[in-house]
Amino acid sequence: MKTKQDAWGSRVGLILAMAGNAVGLGNFLRFPVQAVQNGGGTFIIPYLVCFLLMGIPLLWMEWSMGRFGGKRGNHSTPFILDTMGKRRFWKYFGVFGIFTNIAVASYYCYIESWTLSYVFHSVVGTFSGMDQGQVAAFFNSYLKLGKSTTGIPYEAVVFYLVCLGLNTYILSRGLKGVEKAAKIGVPLLLVFGAVLAFKGLTLGTDGASAAHPDASAWDGLNFLWTPQLGSIWNINVWLAAAGQMFFTLSVGMGTIHCYSSYLKSKDDVALNAVSAGFMNEFVEVVLGSLIVIPIAAGYLGLDWVKENAGFGMAFQTMPYLFDQWGPIISRFAGVFWFGLLFFAGITSSLAMGTPWMGFMQDEYNFKRKAAAWTFGGMILFFGLPTVLIYQVAIDGTVDQVFFNQYDYWAGTVSLVVFALAEAVLFSWIFGIKKGWAELLSGADIKIPIFFKYIMLYITPVMLIIVFLGALFVPEGNDWAQAISGLFHGEGWTLDHNSMIKMITNSGIKEQLSAATDPAQIKFLKNKIIIVNAARALLASMFIGISLLVYIAYRRRNKSGEEQAS
Amino acid sequence: MNSSALIFMVIIQATVTIFTAMFFRKVLKTPKQPEPDSYTENDDES
């Protein structure tokens, strides 16, 4: 087993790489949409409280665990967790720290390739003169592989392969490659974001038109930032805020452990962790809140934003809005926006490659390049179905069924499961006394002692609530009504979006039983097949990685016995 | 913008910005640890 393969070039490089890992598409798309869907100003306070009580403690735990494992020559979560708990099963919880990254990178690279493609289309002026409907239709057409918007056959696949190749090449350069990408990508992202945020902040009522005479960017900002303290008691808002923490900080993935495992025992983790965490918050709260929502409200009105806020706005709406700024500025704005999303994406997807590489280098003596290219190969194998397999609904919209399954099970559920397991392991199995000492070792800041108790009690409890919240989503996501009903003996009706109902495909089955149109019936039956296929592929990935961990564990034991004899 | 939204936005964004700058400044100002540390930037060329 190798003990040390790679090292960070500088402390700033490490923090930018960590910040780049955390800053992703969610900072610019998911955060403002979550804020809009959860009452605007109501959302910010629970969100910041969750950052303090769950986000920062989890960052500290993961940084400390990574450095602790790295000291013992472990650079991926299976054996990092194994060194912290006596029970053998911990290493299999650690499988999540590799599995999640491969599964998420498989579809994340596809989104990244959209941003790259849209940079190209912004430069050549594809969106010039298009109305809003045409821009939305363009995106739909892009996802249908048979149609080409550039003349390149299967261009969505081509851009996907270019993106994957770029990721793999940078990863094959090791931590130095990742660090260099972060040192270029993060500052550029900040500059692009600042330019667009300035525009969002100063747009005012300039975007009002005959079609949307009341449109005003101020309305968007008012909605996001008017504090509504009364709604703080709404459990839905808290669950949404806690959920956003996972996405924004990239906790529960295993990437932070991996990056941190290349530190030495006397290197700081306490300051590095909060510095990278706050950098992410700056991008999200300061820049992320000033771009999509105010610009969209400025041209289309707040009512339109409330009805249509979603991930698709980035590709289906923004190019149209930029086009209102004239032919030259719109090209720059498009390059800035999609370039920003590309840099946010690639610095995150690069991080997703490192746990697998660390594992294969540690346990199977892989060279760095071989580890990177096997990662690329796996992403191609598991990711191509997310590109190639989709359904076209009767109304012509593309339903990315395969992609959505990866996003739900790997990009949502796995994060919560792993974060809960690691919080329990760190605070209760490894022990908060040892964990706290590990965090403070070499620390360049003093951490208030109350965080020790937050890590011991509050963070695990919050994670349990988030997990149960996803498992038992009540009908209509109406928690107040469901809890009240439970106390009145009315039972608990699960929503189709609850984890339990998702497993059984109850939502699709209900639609199927209500459908009468043969085309719709066929569509839904195929959907069930695709959903199950995606889950089978994910399960096979998890089992495969677990098997590799088991073999590595046996090899370690054998090697230990040979050394003893 | 209405005044409560403006005040709330300025307070939250200023707080986040100040903490971000403060922590990053501390990273830059903290003296490097004596060798051997984890960072190759200050390693001896030999």
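Calculation notes
- The numbers attached to residues start from 1 for each chain and follow its sequence in the written order.
- Each chain takes a letter, starting from A, and each ligand takes a number, starting from 1, following the order in which they are written.
- Residues qualify for local features only when their pLDDT is at least 70, as the model is predicted, and side-chain atom pairs are given and counted only at 80 or more; totals for whole chains, interfaces and linings, by contrast, use all residues.
- Computation of side-chain values: all heavy atoms of the structure, hydrogens and water removed.
- Helix and strand assignments follow DSSP, with helices taken as H or I runs no shorter than four residues and strands as E runs no shorter than two, numbered in order from the N terminus.
- Radius of gyration here is computed from C-alpha atoms only, and the compact-globule reference equals 2.2 Å multiplied by the residue count raised to the power 0.38.
- Think of it in three bands: residues with accessible area under 20% of the maximum for their type are buried, residues over 50% are exposed, and the middle band is partly exposed, with areas taken using a 1.4 Å probe on protein chains only.
- In this analysis, two residues are considered to be in contact whenever any of their non-hydrogen atoms come within 4.5 Å of each other.
- All accessible-area figures derive from a Shrake-Rupley calculation using a 1.4 Å probe, and residue coverage is judged against the displayed protein chains alone.
- In this description, one arc is meant: the one made by directions from the helix axis to the C-beta atoms.
- Any Lys or Arg side-chain nitrogen located within 4 Å of an Asp or Glu carboxyl oxygen qualifies as a salt bridge.
- Note that a disulfide, as used here, is simply two cysteine sulfur atoms within 2.5 Å.
- Once two parts are brought into contact, the accessible area they lose, counted with a 1.4 Å probe and summed over both, makes up the buried area.
- Any pair of N or O atoms that falls within 3.5 Å is considered a polar contact. Within protein, one atom must be able to donate a hydrogen and the other to accept it, and sequence-neighbouring residues count only if both atoms are side-chain atoms.
- For this classification, Asp, Glu, Lys and Arg are treated as charged, while Ala, Val, Leu, Ile, Met, Phe, Trp, Tyr, Cys and Pro are nonpolar and the rest, including Gly, are polar.
- Lines are fitted to the C-alpha atoms to define the axes, a helix being fitted only along its stretch in contact, and any angle between axes, read from their N-to-C directions, falls within 0 to 180 degrees.
- Handedness of each helix crossing follows the sense of rotation of the near helix against the far helix: counterclockwise by less than a right angle gives left-handed, clockwise gives right-handed.
- The aromatic pairing rule takes the rings of Phe, Tyr and Trp, using the six-membered ring of Trp, and pairs them if the centres are within 6.5 Å, calling planes under 30 degrees apart stacked, those over 60 edge-to-face and the rest tilted.

### Remarks on the overall build of chain A
Next, step 1: Regarding its fold elements, chain A presents 27 helices and two strands.
Next, step 2: Against the globule reference of 24 Å for 565 residues, chain A gives a C-alpha radius of gyration of 23 Å, in line with a compact fold.
Next, step 3: C-alpha extents for chain A along the principal axes are approximately 85 × 60 × 55 Å.
Next, step 4: Burial statistics for chain A: of 565 residues in total, 61% are counted as buried.
Next, step 5: Within chain A, counting contacts between residues at least 6 apart in sequence, those at least 24 apart form 80% of the total.
Next, step 6: Element-wise, carbon and sulfur atoms account for 64% of the exposed surface of chain A, whose accessible area totals about 21000 Å².

### Here we look at helix α24 (residues 479-487) of chain A
All names here are of chain A.
Next, step 1: Looking only at α24, the buried set comprises W479, A482 and G485. When α24 is viewed along its axis, its buried side chains cluster within an angular range of 130 degrees and face the same direction. In α24, the exposed positions that point more than 90 degrees away from the buried face belong to A480, Q481 and F487.
Next, step 2: For α24, the elements touching its buried residues are α12 (235-249) and α23 (450-471).
Next, step 3: Once α24 ends, the next one or two residues include G489, with phi positive near 75 degrees.

### As for the pattern of salt bridges
Residue and element names in this part refer to chain A.
Next, step 1: Enumeration according to the criterion identifies eight salt bridges over all chains in this entry.
Next, step 2: Here E438 makes a salt bridge to K71, at a shortest N to O gap of 3.3 Å. Here the residue E438 occupies a position in helix α22 (residues 432-440), and K71 occupies one in helix α4 (residues 41-71), the gap between them amounting to 367 residues.
Next, step 3: Note that K91 is salt-bridged to D82, the shortest N-O span being 3.4 Å.
Next, step 4: For D82, a relative accessible area of 21% corresponds to the partly exposed category.

### A word on the state of the cysteines
Disulfides are covalent bonds that link the sulfur atoms of two cysteine residues.
Residue and element names in this part refer to chain A.
Next, step 1: Tallied over the entire structure, the rule returns zero disulfides over all chains.
Next, step 2: Here C109 stays free of any disulfide, with the sulfur of C163 as its closest cysteine sulfur at 5.9 Å.
Next, step 3: Residue C109 is classed as buried on the basis of its relative accessible area of 2%.

### Some points on the interface of chain B and chain A
Next, step 1: Contacts between chain B and chain A engage 26 residues on the former and 41 residues on the latter.
Next, step 2: With both sides pooled, the region where chain B packs onto chain A buries about 3000 Å², and carbon together with sulfur makes up 68% of that total.
Next, step 3: Our enumeration of links across chain B and chain A arrives at zero salt bridges.
Next, step 4: At the junction of chain B and chain A, the tally comes to five residue pairs in polar contact (both at pLDDT 80 or more).
Next, step 5: Looking at the side of chain B that touches chain A residue by residue, the classes come out as 14 nonpolar, nine polar and three charged.

### Concerning the packing of helix α14 (residues 270-287) of chain A against helix α1 (residues 3-29) of chain B
Next, step 1: Contact geometry of α14 of chain A with α1 of chain B gives a least axis separation of 9 Å together with a crossing angle of 145 degrees. Note on packing geometry: the crossing formed by α14 of chain A with α1 of chain B is left-handed. Across the interface between the two elements, L271, N272, V274, S275, F278, M279, E281, F282, V285 and V286 of chain A of α14 of chain A pack against I12, Q13, V16, T17, F19, T20, F23, F24, K26 and V27 of chain B of α1 of chain B.
Next, step 2: When its residues are assigned to classes, the contact of α14 of chain A with α1 of chain B shows 13 nonpolar, five polar and two charged.

### Some points on unusual backbone geometry
Residues and elements named next belong to chain A.
Next, step 1: For N365, which is not glycine, the phi dihedral falls at a positive 55 degrees.
Next, step 2: Looking at the secondary structure, you find N365 in the loop between α19 (327-364) and α20 (368-388).
Next, step 3: Located in the positive-phi region is N477, a residue other than glycine, with phi close to 55 degrees.
Next, step 4: Here N477 is to be found in the loop between α23 and α24.
Next, step 5: With relative accessibility at 36%, the residue N477 sits in the partly exposed group.

### A word on the environment of L203 of chain A
Residue and element names in this part refer to chain A.
Next, step 1: By the element assignment, L203 lies in the loop between α10 (174-202) and α11 (217-225).
Next, step 2: Taking the C-alpha atoms as reference points, L203 and A297, separated by 94 residues in sequence, lie 9.9 Å from one another.
Next, step 3: Beyond its immediate sequence surroundings of up to four residues, L203 is in contact with A217, P294, I295, G298 and Y299.

### Details of the packing of aromatic side chains
Residues and elements named next belong to chain A.
Next, step 1: Scanning the entire structure with this criterion turns up 48 aromatic pairs over all chains.
Next, step 2: With centroids separated by 6.5 Å and ring planes inclined at 65 degrees, the aromatic side chains of Y110 and F403 adopt a geometry described as edge-to-face. With a gap of 293 residues between them, Y110 in helix α7 (residues 96-124) and F403 in helix α21 (residues 401-429) connect regions that are remote in the sequence. Each of the two residues, Y110 as well as F403, counts as buried.
Next, step 3: Ring geometry for F192 and F343: centres 6.5 Å apart, planes at 45 degrees, overall tilted. With F192 in helix α10 and F343 in helix α19, this pair connects stretches of sequence that are 151 residues apart.
Next, step 4: For F192, a relative accessible area of 12% translates into the label buried.
Next, step 5: The class for F343 is buried, based on a relative accessible area of 19%.

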